[in-house]
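# Architecture and fold: a report
Single-letter residue listing:
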Amino acid sequence: MQISSRFTLAIHIFACIDTFGNEYKVTSDFLAGSTNVNPVIIRKILGQLKGAGLIEVARGTGGTTIAKPLKEITFLDIYRAVECIENGNLFHFHENPNTNCPVGKNIHHVLDDKLLQVQSSMEKELDSITLENLKQDMKKYLQDGI
C-alpha cells in the first residue's frame, strides 16, 4: 500500500503558496515549474483543495491563496482533501474471502479492527502536524540557503 503522490504534491503546493504568494502570482503553471508535474495534475489537486475550503483560486487572472491560517490546516485536512479513500477506509479488503475456508470465514473478525486501529493511528499523527509546522521547518532551510 502506498499513499499517492497527490498528498505530497498538495503539501508542496502549500509551501509554494506560502513562500512565493506575496511576490508572484501562484498559478498552476508556476506550481508545475516547482513540482515538475504537469499543470493539469496541479489544477486537479488545486480543485480538490479548493473544494475542501483550504485554498482560494482567483478566476480569470489566476493566482492561489491559502484560505485559513497555517496553524489551522493539518496534514490530515490535506490528506482527506486529495486522497481518494473508499467509504473513509484506508484499507480495501478483498471482496469475497472463501467462507468455506476456516481462515476465509474468520479473516474479517480477526483483521478489521486491527486495520481500523492502524488507520486511526495514522490519522491522529497526520492531525498533529500543521502547515505552520511545515513553514517553520522550511524557514530553516531557506535561511541556510540549502
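Presented here is an overview of the structure given in this document. (Residues numbered from 1 in each chain as written. Predicted model: local features only at pLDDT ≥ 70, side-chain atom pairs only at ≥ 80, totals over all residues. Heavy atoms only, no water.)

This paragraph deals with the packing of helix H1 (residues 5-20) against helix H6 (residues 131-144). When two helices pack together, their arrangement is given by the angle between the helix axes and by the axis-to-axis distance. Contact geometry of H1 with H6 gives a least axis separation of 11 Å together with a crossing angle of 65°. Classified by the angle between their axes, H1 and H6 sit roughly perpendicular to one another. Classified by chirality, the crossing of H6 by H1 is right-handed. Each of Ile11, Phe14, Ala15, Asp18 and Thr19 in H1 lies in contact with H6, whose residues at this interface are Leu131, Leu134, Lys135, Met138 and Leu142. Partitioned by chemical class, the residues of the contact of H1 with H6 number seven nonpolar, one polar and two charged. (Axes fitted to C-alpha atoms, helices over the stretch in contact; angles between N-to-C directions. Helix = DSSP H or I, 4+ residues; strand = E, 2+ residues; numbered from the N terminus. Parallel < 35°, antiparallel > 145°, perpendicular 65-115°, else oblique. Left-handed = near helix turned anticlockwise from the far one by under 90°. Contact = heavy atoms within 4.5 Å. Nonpolar A, V, L, I, M, F, W, Y, C, P; charged D, E, K, R; others polar.)

What follows deals with the side chain of Gln48. With respect to the helices and strands, the residue Gln48 is situated in helix H3 (residues 39-51). Judged by relative accessible area, Gln48 falls into the buried class, the value being 18%. If near-sequence neighbours (up to four positions away) are discounted, Gln48 is found in contact with Arg6, Ala81, Val82 and Cys84. (Buried < 20%, exposed > 50% of the residue type's maximum accessible area, 1.4 Å probe, protein only.)

Relative to the helices and strands, Ala81 resides in helix H4 (residues 75-82). A relative accessible area of 15% means that Ala81 is categorised as buried. On a C-alpha basis, the gap between Ala81 and Gly51 in space is 7.7 Å, while along the polypeptide they are 30 residues apart. Not counting the four nearest positions on each side in its chain, Ala81 is found in contact with Gln48, Leu49, Ala52 and Leu54.

Closest axis-to-axis distance for the H4/helix H5 (residues 102-127) pair is 6 Å, and the angle between their directions is 120°. If you check the angle between H4 and H5, you find them oblique. Only Met122, Glu123, Leu126 and Asp127 of H5 make contact with H4, whose side of the interface consists of Phe75, Leu76, Tyr79 and Arg80. Among the residues forming the contact of H4 with H5, the class breakdown is five nonpolar, no polar and three charged.

Moving on: the side chain of Ser28. Secondary-structure assignment places Ser28 in helix H2 (residues 28-35). For Ser28, the contacting residues outside a window of four places in its chain are Pro39, Ile42, Arg43 and Leu46.

With that settled, the discussion passes to the layout of surface pockets. Of the pockets and cavities examined, the second largest pocket occupies roughly 260 Å³. Lining the second largest pocket are 15 residues, with Arg43, Leu46, Val57, Ala58 and Gly62 sitting closest to its centre. Those elements giving two or more residues to the lining of the second largest pocket turn out to be H2 and H3. Top contributing element to the lining of the second largest pocket by residue count: H3, with four residues. Residues belonging to the lining of the second largest pocket are distributed by class as follows: four nonpolar, seven polar and four charged. (1 Å grid on protein atoms, 1.4 Å probe; cavity = no way out; pocket = protein on both sides within 12 Å on 5 of 7 lines; lining within 4 Å. Points joined across faces, edges and corners; volume = space filled by probe spheres on them.)

According to the stated counting rule, one finds four salt bridges in the structure shown. Here Glu83 and Arg6 are joined by a salt bridge, their closest N and O atoms 3.6 Å apart. Remark: Arg6 occurs in helix H1 and Glu83 occurs in the loop between H4 and H5; sequence separation between them is 77 residues. Given a relative accessible area of 11%, Glu83 falls into the buried group. According to the relative accessible area criterion, Arg6 is partly exposed, its value standing at 24%. Linking Glu123 and Arg80 is a salt bridge whose minimum nitrogen-to-oxygen distance equals 3.7 Å. Of the two residues, Glu123 sits in helix H5 while Arg80 sits in helix H4, which places them 43 residues apart along the sequence. (Salt bridge = Lys/Arg side-chain N within 4 Å of Asp/Glu carboxyl O.)

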